[in-house]
2 protein chains.
Amino acid sequence: DLDQNYMLRLPKSGPLEGTLWSHRGLCIFKMSPYKMNNYFKCSHVCLYSCHAVQESLLSSASGFSNYRGILNWCVVMLVLSNARLFLENIIKYGILVDPIQVVSLFLKDPYSWPAACLIIVSNVFILAALYTERRLAVGTISETTGLILHIFNLSCILVIPAATALTVTSMTSVGGVISLGIYTVLFLKLYSYKDANRWCREIRQAKAKRLTRSYSSVQTHVSYPGNLTHRDMYYFVFAPTLCYQLNFPRSSRIRKRFLMRRLLEMLFLMQLLVGLIQQWMVPTIQNSMKPFQEMDFSRMVERLLKLAVPNHLIWLIFFYWFFHSSLNFMAELLQFGDREFYRDWWNSETVTYFWANWNIPVHKWCLRHFYKPMLRKGTNKFLAQSAVFLVSAFFHEYLVSIPLRMFRLWAFMGMMAQVPLALFVSRFLNGNYGNAAVWISLIIGQPVAVLMYVHDYYVLHYGSSA
Amino acid sequence: DLDQNYMLRLPKSGPLEGTLWSHRGLCIFKMSPYKMNNYFKCSHVCLYSCHAVQESLLSSASGFSNYRGILNWCVVMLVLSNARLFLENIIKYGILVDPIQVVSLFLKDPYSWPAACLIIVSNVFILAALYTERRLAVGTISETTGLILHIFNLSCILVIPAATALTVTSMTSVGGVISLGIYTVLFLKLYSYKDANRWCREIRQAKAKRLTRSYSSVQTHVSYPGNLTHRDMYYFVFAPTLCYQLNFPRSSRIRKRFLMRRLLEMLFLMQLLVGLIQQWMVPTIQNSMKPFQEMDFSRMVERLLKLAVPNHLIWLIFFYWFFHSSLNFMAELLQFGDREFYRDWWNSETVTYFWANWNIPVHKWCLRHFYKPMLRKGTNKFLAQSAVFLVSAFFHEYLVSIPLRMFRLWAFMGMMAQVPLALFVSRFLNGNYGNAAVWISLIIGQPVAVLMYVHDYYVLHYGSSA
């Protein structure tokens, strides 16, 4: 309020009305009923003199820094501009969402379900790993034989689905991605199973040698080799983790409301993802083909930025759908206690922090079964880190190239580019700038790779590039 | 890091290696060199057992709430999507910015400069107000005669430029807005001049009657009627305030670097504003005419949202250009001390707070010369507040309708709609929701009014509505 009240100290004996010159200019005061001690309330200051020496808020001299309204502004602007994009899309293309069409992504020939068969066959490899471990536990085969059997089994897990996807022509790309994804997860799980059981044998040997007393007094826990059962194996296969251990931490009960919420999220977000891809991604990508064939640079950038928004949105929804809804649903169903499937990657200020925190199951596996064993063997940290990215790049390429039957190394290069990017960001950018750089690399990097593959696929299948 | 270290309290005498069951599963520990008191560092916990009971971060049970990365995400998304809009615009329309074309907005006929003449004529009214006050100060004319003269002078200030703008056909709309704007500012200034001088006379009379001692001891200050000089009058006319007072607070010196920065900002932002209007507003508005003529509702909304972004951006730049750069430039030049031209309206959670803080000179004037005098006469608060909006609505309409020679009351209704909007927001929305509502009303409300006027102007001048 401009009509502020001022307390003025006056002499005890003196006039009760008059004029005062202050730094705020002319001040008229009157005796007021608020007389306290010798202070008089001067309530007319600002009526006659209404200016004071002060800086504008946006001048650095003002020291003002409260811009919390700006976050709301950002949110409002984003919602409004995306609402417009959505409306523009509907006006331009009409409704493109078609749930029936989705089926054709999985099935070319309704009498041949190669992807489903491949997934059923995976039980063979699971049982092979279990039986090998049982033999190793009782000592029927040596550690070396066991290792060879495991390596053979793991190689089959990678090679057989790849060979199937490349040779069986009735397998669609989507079916290929799903079955190869499941096989990759299985590869990582069984690798972890092999390692963890070997460590258990080492401990057993150490105990037997040194005759140390075991502190394991809790009876409900299973100890090696009591874990080598079908039940334990399949619990691990379905559990939302890639790292095997005896006696997973368990939650006390299945919370039915939590389970239902996750299930509804899964179903709703699945529909949303399919709808967004059909309605927003596909037309944008189709419109991008012409500029990319003609190598029209400014239009290419425009298309890239146009694609970046739906692509990023879809990635965010996918993240939530998979890492929050689906994995939590599986965990709740299996009473699996450890729900740390991701950490706060959205605050990451370095590229390394992002990769270490957005996908905790894979990160945990890499750390436990790849990075740390390498460090223990004396590899230096940077080399070990690069090796992790190399393996990750291999699997990215594996999951993209084989289902598309097209080897272009874009996914591989995209992952390997993270190493110099990480070095650059950690050296030159800090705090919010680092965070913004991570976001930019996410928002821009993905559609670049997507467009590369789609362009090449398009050229390969439908026409010749200019 | 997953390989955390745990301190375990062990019995003083006991084995130094063994197995422990904790809530984190199997724990292998070895005697470590970090032995302190009876605590042993257990550094192998997570290698063998790598899961713990914990919730996902996005589950409400986790209690996690650090989403500071989201602000950066918003900024990155806004920058990228606007970069795309900019690029799309350039590809679609090419470069439309044309500084020469701007001249034609001011001049239809290079031999007739009606707006400039009108601005020069304004000196007559300034001097009329000064001479009336001089007469009043020495008592040659009575208070009533003075009031009549002032009312006549102030009426002329509003009527003469309006009549000129409506009759002189060589005056362009932009010239009309500028000259009417200057006259409106002058009206408010001279109204304040009249009131402030009258208050001074009242004080002088009160003093003379009661023979109170004056505390004014500082010699550099001017007291009534010493202020009735041409110099003082023109200082007030050019000062960035609408409220007159004797002895404005002054800054100690002209900071040359500050002055230069503001000047450069003024020049650069002026160019930017003109460029954005030519490149972004004009084509978008032109494309909006067809849907608006055909009353195609979904396309109208799409156009409205498309226009909202450049319109809002231009308004923000205009705000900074006028209220920060230009007014600070004038203030620095005149060593005017009070730089509070705006407060933190971007944080406003109610519509009233926004209107009371985005334009402090006008707000101060309304409070000092309109709202408070009304309250003193016994009007209730809500009525007085509505009256302020009514006067504001009148001036908005005055500044738009007359230069466009078109009376549609959209601006008037836009301002009057703020009263129910303010009631709605203050009753139903709090905190960030209130802030978002204020932003939405700003972002959406303005382009609605702009499109209304442009549509009507277009229909009136170029064609018939469907």
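Residues numbered from 1 in each chain as written. Chains lettered and ligands numbered in written order. Predicted model: local features only at pLDDT ≥ 70, side-chain atom pairs only at ≥ 80, totals over all residues. Heavy atoms only, no water.

Quick look at the overall build of chain A
Worth spelling out the cut-off: By the criteria applied, helices consist of DSSP H or I runs no shorter than four residues and strands consist of E runs no shorter than two, each listed in order from the N terminus. Exposure categories follow from relative accessible area, calculated using a 1.4 Å probe and restricted to protein chains: below 20% of the type maximum is buried, above 50% is exposed, and the middle band is partly exposed. Contacts: residue pairs with any heavy atoms within 4.5 Å of one another. Accessible surface area values rest on a Shrake-Rupley calculation with a 1.4 Å probe, where residue burial reflects the displayed protein chains alone.
The helix and strand tally for chain A stands at 15 helices and 4 strands. For chain A, with 466 residues in total, the buried portion stands at 47%. Considering only contacts in chain A between residues 6 or more positions apart, those separated by 24 or more positions represent 71%. Accessible area of chain A: about 23,500 Å², with a carbon and sulfur share of 67%.

A closer look at the pattern of salt bridges
Which entries qualify depends on this criterion: Salt bridges are defined as contacts in which a side-chain nitrogen from Lys or Arg sits within 4 Å of a carboxyl oxygen from Asp or Glu.
As enumerated under the stated definition, the model contains 34 salt bridges over all chains in all. The residue Arg255 of chain A makes a salt bridge to Glu332 of chain A at a minimum N-O spacing of 3.0 Å. Separated by 77 residues along the polypeptide, Arg255 of chain A in the loop between α7 (230–238) and α8 (256–294) and Glu332 of chain A in helix α9 (residues 297–333) bring together distant segments of the chain. Residue classification places Glu332 of chain A among the buried positions, given a relative accessible area of 0%. Between Glu302 of chain A and Arg303 of chain A there is a salt bridge whose closest N-O contact spans 3.2 Å. Among the residues examined, Arg303 of chain A registers a relative accessible area of 12% and is labelled buried. What you see here is one network of salt bridges that share partners, running through Arg84, Glu88 and Lys306 of chain A together with Glu302 and Arg303 of chain B.

Observations concerning a nonpolar patch on the surface
Rules: Patch membership requires over 30% relative accessible area and the absence of a salt bridge. Like charges are linked within 9 Å, and nonpolar side chains (Val, Leu, Ile, Met, Phe, Trp, Tyr) within 5 Å.
Together, Leu71, Val75 and Val79 of chain A together with Leu71, Val75 and Val79 of chain B line one region of the surface with nonpolar side chains, adding up to about 460 Å² of accessible area. Every element with two or more residues in the nonpolar patch is listed here: α2 (69–93) of chain A together with α2 (68–93) of chain B. Its location among the elements puts Val79 of chain B in helix α2. Since its relative accessible area comes to 51%, Val79 of chain B is described here as exposed.

With respect to unusual backbone geometry
A cis amide bond links Tyr224 of chain A with the next residue in sequence, Pro225 of chain A, at an omega value of 0°. When you line up the elements, Pro225 of chain A lands in the loop between α6 (173–210) and α7. Non-glycine residue Leu409 of chain A carries a positive phi angle of around 65°. Relative to the helices and strands, Leu409 of chain A resides in the loop between α12 (381–404) and α13 (410–416). Look at Leu409 of chain A and you get partly exposed, because its relative accessible area is 44%. If you check the backbone angles, Gln335 of chain B has positive phi at about 50° while not being a glycine.

Quick look at the nonpolar core
We count it as follows: To define a nonpolar core, start from buried Ala, Val, Leu, Ile, Met, Phe, Trp, Tyr and Cys residues and group those joined through side-chain atoms within 4.5 Å.
If you look at the biggest cluster of nonpolar residues, it comprises 195 residues, and the most contacted ones within it are Trp345 of chain A together with Trp345 of chain B. When residues no more than four places from it in sequence are discounted, the contact partners of Trp345 of chain A are Trp315, Leu316, Phe319, Tyr353, Phe354, Asn357, Trp358, Trp439 and Leu442 of chain A.

Quick notes on helix α4 (residues 114–138) of chain B
Residue and element names in this part refer to chain B. The line we're drawing: To estimate how far a helix should extend, the number of its residues minus one is multiplied by 1.5 Å.
Helix length check: α4, at 25 residues, gives a terminal C-alpha distance of 37 Å against a target of 36 Å (1.5 Å per residue), a fit within 8%. Among the residues making up α4, those that are buried are Pro114, Ala115, Leu118, Ser122, Phe125, Ile126, Ala129, Leu130, Thr132, Glu133, Leu136 and Ala137. Tucked inside the fold, the buried residues of α4 contact α5 (143–167), α6 (173–210) and α7 (230–238). Phi turns positive, to about 85°, at Gly139, one or two residues after α4.

A word on the packing of helix α15 (residues 431–462) of chain A against α2 of chain B
Quick note on the threshold: The convention used is that axes are lines fitted to C-alpha atoms, helices contributing only their stretch in contact, and that angles between N-to-C directions extend from 0 to 180 degrees. To sort the angles, those under 35 degrees are grouped as roughly parallel, those over 145 as roughly antiparallel, those from 65 to 115 as roughly perpendicular, and the leftovers as oblique. Less than a right angle of anticlockwise turn of the near helix away from the far helix marks a crossing as left-handed, whereas a clockwise turn marks it as right-handed. Residues are grouped as follows: Ala, Val, Leu, Ile, Met, Phe, Trp, Tyr, Cys and Pro are nonpolar; Asp, Glu, Lys and Arg are charged; every other residue, Gly included, is polar.
Contact geometry of α15 of chain A with α2 of chain B gives a least axis separation of 9 Å together with a crossing angle of 55°. Regarding the angle of α15 of chain A to α2 of chain B, the classification is oblique. The two elements α15 of chain A and α2 of chain B meet at a crossing, and its hand is right-handed. Along its contact with α15 of chain A, which presents Asn432, Asn435, Ala436, Trp439, Ile440, Ile443 and Ile444 of chain A, the element α2 of chain B presents Gly69, Asn72, Trp73, Val76, Met77 and Leu80 of chain B. Counted by class, the contact of α15 of chain A with α2 of chain B contains 9 nonpolar, 4 polar and no charged residues.

Regarding the confidence of the model for chain A
Residues and elements named next belong to chain A. Put simply, the test is: Note on scores: pLDDT gives the predictor's confidence for each residue, bounded by 0 and 100.
Here chain A shows a mean pLDDT of 83. Residues at 70 or above account for 87%. Here residues 1–47 is modelled with pLDDT under 50, and outside its nearest four sequence neighbours on either side it reaches 102 contacts, counting other chains as well. Below pLDDT 50 for its whole length, residues 213–219 participates in 11 contacts with residues either more than four positions away or in separate chains.

Points about the packing of aromatic side chains
Selection rule: Two rings belonging to Phe, Tyr or Trp (six-membered ring only in the last case) form a pair when the distance between their centres is within 6.5 Å. Interplanar angles under 30 degrees mark stacking, angles over 60 mark edge-to-face geometry, and anything in between is tilted. A positively charged side chain is recorded as over a ring if its NZ (Lys) or CZ (Arg) lies within 6 Å of the ring centre. The angle to the ring normal must also be within 35 degrees.
Scanning the entire structure with this criterion turns up 76 aromatic pairs over all chains. A ring pair is formed by Trp355 of chain A and Phe389 of chain A, whose centres lie 6.3 Å apart and whose planes are at 85°; its orientation type is edge-to-face. With a gap of 34 residues between them, Trp355 of chain A in helix α10 (residues 351–357) and Phe389 of chain A in helix α12 connect regions that are remote in the sequence. For Trp355 of chain A, a relative accessible area of 22% translates into the label partly exposed. Phe389 of chain A sits in the buried class, given a relative accessible area of 9%. Between Phe187 of chain B and Phe395 of chain B, the ring centres sit 5.7 Å apart and the planes meet at 50°, which makes this aromatic pair tilted. Taken together, the positions of Phe187 of chain B in helix α6 and Phe395 of chain B in helix α12 (residues 381–404) put the pair 208 residues apart, joining distant regions of the chain. Residue classification places Phe187 of chain B among the buried residues on the basis of a relative accessible area of 13%. When its relative accessible area of 12% is taken as the criterion, Phe395 of chain B is described as buried. Sitting over the face of the ring of Phe236 of chain B, Lys189 of chain B holds its NZ or CZ atom 5.2 Å from the ring centroid. Of note, Arg255 of chain B hangs over the ring of Phe258 of chain B, and the distance from its end group to the ring centre comes to 4.2 Å.

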